[in-house]
Amino acid sequence: MSTRQRDEIRILAPNGVIGSGFREESFEEGLGRRPHFIGVDGGTTDAGPYYLGAGTAVLSADSVKADLRIIVRGARRLNIPLLIGSCGTAGGDVHLAWMFENLRAVAAEESLSLKVALIHAEQDKDYLKRKLRDGRIRPLDPAPPFDEGVIDRSERIVGMMGVEPYLRALEGGADVVLAGRSSDTAIFAGIPIREGYPEGLAWHAAKILECGAAAVVHRKHPDCMLATIRRDHFVIEPLNPEFRCTPQTVAAHTLYENADPFFIVECSGTMDLRESVYEALDDRMVRVSCSGFIPAATYTVKLEGVEKVGYQSVIIGGIRDPLLIRQIDDWLGRLQASVRKRVRQVYRDRLSDNEYVYRTHVYGKNGVMGALEPVKEIRSHELGVVFEVTASSQEIANSLALIIRHQALHLPIPEWSGMVTNLACLYNPAYLERGAVYRFNVNHVVEPDDPLEMFPIEPREIG
Amino acid sequence: MAKLYELASLVRSKNAGPFALTFDILFNRQEDFERVKRSGAVSGQAVARLYGVSANEVRFFVCDNARAFKASIRRPTFQGDIGDCDNHGGQQFAPLLDIDIP
């Protein structure tokens, strides 16, 4: 990667998240364009706090290996670097190790020898406490409260790396870089920035590539995207001949999952896309120019952390009785009081009302929007009800779910005399164990002394 | 008079990270986008009213290149926390659909 005089750099993104699949012919088409490197994202917080908490991935090892096999074989055939960011969904050490095992399995089956660099993103708790004491951790908006207690009770905290750790890993000669939690764009922006392409173009192209072929008119399935960055513009081209990019689809892509469509913050600065110009090159390719980048006065690394909330059990049931449906809120209120009373009888002083959380979700009424639901009058002839209880152990959560089941079945309404059975329980047993549940507890940035200090690089050899 | 959903090519909501919820309203036809823009019916104030927040808590954007409006608010409940009913935030756009466009 030393040809600094070349007039363009081509980047292949197989899809928006490794393990979601792509059309193999599109990938071959991409390899035919002689890309200078392949990058692919492996994570997201959009999957929810569970994955960072539990240390698992939102896509299975089988799904990830299916993509990885094709991608790594292609990268080795062309002898170009492969960069995979935010490995294992959440990018903690356990997720990175899992991805390395997937890579090792694929490499063994394909008889590939690989120089691999693992970039760790999980943060040492003592390091974070020092940074906190030094006033080098700042809240973003909105942010939950953050102190040493939060650090201690966090299951894991990861930092979202910028381009610098990738570039250092490549300097070490890695064929494949597996990174922990990473800015999605940093996967793609580092190499073009190192080679002197304008930062605004590099970051903006990266922003589009990190979602694979998302910025097309009809994205029927995940697929490959190619970006060609030149000195004063870049070109976006979907590699499936049936997919089309238009100036609107490419411009609209910066809206997706982003709070601000014009200013996108990275570790080292902020993309400024207010003046970006989008032009159709033909009916499938779009040329983008005039994207800017404002370097940050202070380098910052965003943190993501989760803590365990408790253990959950849920009951899924349905209500068809029209007399009950017309007084559902009143009945649910009475049910809650009745459940709490029974819990006090069972546990006495061993479990107070605030040591468990009892919630009800009513589908067919406001199950999706809760209090924000503007439609107040319901016409549903049946309601779906999910009873949810969260407690400090699975055993207690299960016990409470059994109490809820019994109370819900038989809590009467005034219209009927005699014993009633109110709830059509979907399953037997009625409750499902949800296991541990987690919440995101950090929305802060760290100011490191050096962009590399939070992201140790571990060289590994395969084969 | 038309409803917003009759003019837009896509109205969507999504997480913008675990702590923010963002709404995108996109148009295929320039004239539909211009009509909605002229009407002023899609605004930070309109979003604030529908989602029970004050107008200064809504970040509202007009994106001419994308033929789109965008609004972002704090997530009413942080993603995945107890009480969150929509982990991806993907079904929170429905109240926008019926905005009247003169």
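This write-up is about the structure you can find in this document. The numbering scheme is per chain: residues are counted from 1 as the chain's sequence reads. For naming, the first written chain is A and the first written ligand is 1, with later ones following in the order written. Local features in a predicted model are, by the rule used here, given only for residues with pLDDT of at least 70; side-chain atom pairs are given and counted only at 80 or more, and totals for whole chains, interfaces and linings are based on all residues. The side-chain figures draw on all heavy atoms in the structure; neither hydrogens nor water molecules are used.

## Focus on the nonpolar core
Residues and elements named next belong to chain A. Formed by 72 residues in total, the largest nonpolar core has its most connected members in Y166 and L303. Looking at this core, the element that brings in the most residues is helix 9 (residues 199-209), giving seven residues. In this structure L303 touches Q123, L128, I137, F146, I157, V158, G159, V442, H444, V446 and M454, once residues within four positions along its chain are discounted. Ranked by size, the runner-up nonpolar core spans 34 residues in total, among them I18, L112, C224 and L239. Think of a nonpolar core as a cluster: buried Ala, Val, Leu, Ile, Met, Phe, Trp, Tyr and Cys residues, connected wherever their side-chain atoms sit within 4.5 Å. Exposure categories follow from relative accessible area, calculated using a 1.4 Å probe and restricted to protein chains: below 20% of the type maximum is buried, above 50% is exposed, and the middle band is partly exposed. Working definition: helices are DSSP H or I runs of at least four residues, strands are E runs of at least two. Numbering for both runs from the N terminus. It only takes one pair of heavy atoms within 4.5 Å for two residues to be counted as in contact.

## Focus on the sheet that holds strand 4 (residues 114-119) of chain A
Residue and element names in this part refer to chain A. Here, strands pair whenever DSSP counts at least two bridges between them. In spatial order, the strands read 12-13-9-8-1-2-3-7-4-21; together these 10 strands make up an open sheet with mixed pairing. The open sheet has two edge strands with one neighbour each: strand 12 (277-280) and strand 21 (457-462). Averaged over all adjacent pairs, the angle separating strand axes in this sheet is 20°, with direction ignored. The pairing of strand 4 with strand 21 spans six bridges and is antiparallel. Residue pairing in the sheet places L114 in a bridge with I462 of strand 21. Packed onto the sheet, helix 3 (residues 61-78) meets strand 2 (37-43), strand 3 (82-89), strand 4 and strand 7 (176-179) and runs at close to 160° relative to strand 3. A fitted line through C-alpha atoms serves as each axis, taken over the contacting stretch for helices, and the angle formed by two N-to-C directions is quoted from 0 to 180°.

## Quick word on the packing of helix 12 (residues 328-347) of chain A against helix 13 (residues 394-410) of chain A
Residue and element names in this part refer to chain A. Axis separation between helix 12 and helix 13 bottoms out at 9 Å; the angle between their running directions is 130°. Taken together, helix 12 and helix 13 sit at an angle that is classed as oblique. Pair helix 12 / helix 13 crosses with right-handed handedness. Taking contact as the criterion, the partners of W331, L335, S338, V339, R342, V343, V346 and Y347 in helix 12 are, on helix 13, I396, S399, L400, I403, I404, Q407 and A408. Convention used here: angles under 35 degrees read as roughly parallel, angles over 145 as roughly antiparallel, angles from 65 to 115 as roughly perpendicular, and any remaining angle as oblique. Crossing handedness: left-handed means the near helix sits turned counterclockwise from the far one by under a right angle, and right-handed means the same turn made clockwise.

## Considering helix 3 of chain A
Given 3.6 residues to a turn, an α-helix orients residues that are three or four positions apart in the same direction. All names here are of chain A. Each residue after the first adds 1.5 Å to the expected span of a helix. Between the first and last C-alpha of helix 3 there are 25 Å, a value that for 18 residues agrees with the 26 Å anticipated at 1.5 Å per step. At L68, helix 3 shows its strongest bend, of approximately 25°. Considered for burial, the residues of helix 3 that qualify are V64, D67, L68, I70, I71, V72, G74, A75 and L78. Against the buried residues of helix 3 lie helix 1 (24-32), strand 2, strand 3, helix 4 (93-109), strand 4 and strand 7. Just beyond helix 3, the residue with positive phi is N79, at close to 55°. Bend is computed residue by residue as the angle between axes fitted to the seven residues ending at the residue and the seven residues starting at it.

What is shown is where atoms sit, not what they do.
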